[in-house]
Amino acid sequence: MAGRAQGYLIGNFTVTDPELMTQYSQLAGPLAESYGGEVIVAVSDLATVEGQAQSTLIVIRFPSLAKAEAFYQDPAYAPVRDLRVKATTGGYLALVPSLPIRP
């Protein structure tokens, strides 16, 4: 994916139902992969050094922001997203564009 603008789905939340979150991950993972998504950060015990954050941080890299948006908007993801919402509290999910860093 180097050399192209990529897209990221970034989430920060607290998991309140680990079993439901496991079910979410098992369903969301393959769907994200079908859009070229790759989990690059998954931390469930985030140590915050400034500000306030939730305990879980996830970063999924996609080949482009359009692919990240397509994953999130996929009708097949809607019921899966509901699992995540039920399994977590607080925090956020954000779609973030990224351009390659040039020296």
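These remarks concern the structure in this document. Predicted, not measured: the structure shown is a model, and the values here were computed from it. (Residues numbered from 1 in each chain as written. Predicted model: local features only at pLDDT ≥ 70, side-chain atom pairs only at ≥ 80, totals over all residues. Heavy atoms only, no water.)

## Focus on the overall build of the protein
Applicable threshold: Only runs of H or I of at least four residues qualify as helices and only runs of E of at least two qualify as strands under DSSP, and these elements are numbered from the N terminus. As a reference, a globule follows 2.2 Å times the number of residues to the power 0.38, and the radius of gyration itself is taken over C-alpha atoms. When accessible area is computed with a 1.4 Å probe and restricted to protein chains, residues below 20% of their type maximum are described as buried, those above 50% as exposed, and intermediate ones as partly exposed. Residue contacts are defined here by distance: any two heavy atoms, one from each residue, within 4.5 Å place the two residues in contact. In summary, the charge assignment counts Lys and Arg as positive and Asp and Glu as negative, without counting His or the chain termini. Lys charges are placed at NZ, Arg charges at CZ, Asp charges at CG and Glu charges at CD.
Helix and strand content of the protein: three helices and four strands. From first element to last, N terminus to C terminus, the protein shows the α and β order β-α-β-β-α-α-β. Taken over the C-alpha trace, the protein has a radius of gyration of 14 Å; the compact-globule value for 103 residues is 13 Å, and the two agree within 12%. Its C-alpha atoms give the protein principal-axis dimensions of about 40 × 35 × 15 Å. For the protein, with 103 residues in total, the buried portion stands at 29%. A separation threshold of at least 6 residues defines the contact pool for the protein, and within that pool the share at least 24 residues apart is 79%. Looking at charge distribution, the protein has the averaged site of its 7 positive side-chain charges lying 10 Å from that of its 9 negative ones.

## As for the nonpolar core
For clarity, the threshold we go by: Throughout, nonpolar core names a set of buried Ala, Val, Leu, Ile, Met, Phe, Trp, Tyr and Cys residues whose side chains join them through atoms within 4.5 Å.
Core analysis: the biggest nonpolar cluster contains 17 residues, and Tyr24, Phe62, Phe71 and Tyr77 have the highest contact counts within it. Take this core: its biggest share by element is six residues, from helix H1 (residues 18–34). Tyr77 has contacts with Tyr24, Ala28, Leu31, Phe71, Tyr72, Arg84 and Leu93, leaving out every residue within four places of it along the chain.

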